[in-house]
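Per-entry structural report
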Amino acid sequence: AQQMLKGLGLVPGREDGYFDLQTENSVKAFQYKKGLKVTGEIDEKTATQLEQAILAAMKKEKNDLQLQVALKYFNKN
């Protein structure tokens, strides 16, 4: 969850699975942004929204490193 939060531009601090205050605040920010109940806990609804958000972010062209490298290669040739 911490790595997903970081990937979405939130700052969970740690990425070692230890759920500290900074991670809790990142979860609260995510919940607020998504219109969820702001608890700071990763319940089923939060987990689902987090997964959907990270999958959507991964599909964005600007986040596809392999595609970006390929486009640079073809634009040079």
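Below you will find a few notes about this structure. All values derive from a computational prediction rather than experimental measurement.

Counting residues in hydrophobic clusters, the biggest one holds 5 residues: Leu5, Val27, Phe30, Leu50 and Ala53. Looking at this core, the elements with two or more residues in it are α2 (21-34) and α3 (44-59). If we ignore the near neighbours within four places in the chain, the residues touching Ala53 are Leu8, Phe30 and Lys34.

It is worth spelling out the packing of α2 against α3 at this point. Running from N to C, α2 and α3 point in directions that differ by 80 degrees, and their axes come no closer than 11 Å. Relative to α3, the element α2 is oriented roughly perpendicular. Contacts from Val27, Phe30, Gln31 and Lys34 in α2 reach Thr46, Gln49, Leu50 and Ala53 in α3.

With that settled, consider the environment of Val11. Mapped onto the secondary structure, Val11 falls in the loop between α1 (2-7) and α2. Judged by its relative accessible area of 55%, Val11 falls in the exposed class. Residues Val11 and Gln22 lie 11 residues apart in sequence; the distance between their C-alpha atoms is 7.5 Å. If sequence neighbours within four positions are ignored, Val11 has contacts with Gln22 and Ser26.

So, about the pattern of salt bridges. A full pass over the atoms with the stated rule returns 3 salt bridges. Among the salt bridges present, the one from Glu24 reaches Lys28, with a minimum N-O distance of 3.4 Å. Placement of the pair is Glu24 and Lys28 together in helix α2, with a separation of 4 residues, close to one helical turn. Taking relative accessible area as the criterion, Glu24 reaches 25% and is therefore assigned partly exposed. The partly exposed category is assigned to Lys28, whose relative accessible area is 29%.

Now for the packing of aromatic side chains. A full pass over the atoms with the stated rule returns 1 aromatic pair. Geometrically, the ring pair formed by Tyr73 and Phe74 is edge-to-face, given 5.3 Å between the ring centres and 75 degrees between the ring planes. Using a relative accessible area of 52% as the deciding quantity, one classes Tyr73 as exposed. For Phe74, a relative accessible area of 58% gives the class exposed.

Each value, and the rule that gives it
Residues numbered from 1 in each chain as written. Predicted model: local features only at pLDDT ≥ 70, side-chain atom pairs only at ≥ 80, totals over all residues. Heavy atoms only, no water. Core = buried A, V, L, I, M, F, W, Y, C linked by side-chain atoms within 4.5 Å. Buried < 20%, exposed > 50% of the residue type's maximum accessible area, 1.4 Å probe, protein only. Helix = DSSP H or I, 4+ residues; strand = E, 2+ residues; numbered from the N terminus. Contact = heavy atoms within 4.5 Å. Axes fitted to C-alpha atoms, helices over the stretch in contact; angles between N-to-C directions. Parallel < 35°, antiparallel > 145°, perpendicular 65-115°, else oblique. Salt bridge = Lys/Arg side-chain N within 4 Å of Asp/Glu carboxyl O. Phe/Tyr/Trp six-rings, centres within 6.5 Å; stacked < 30°, edge-to-face > 60°.

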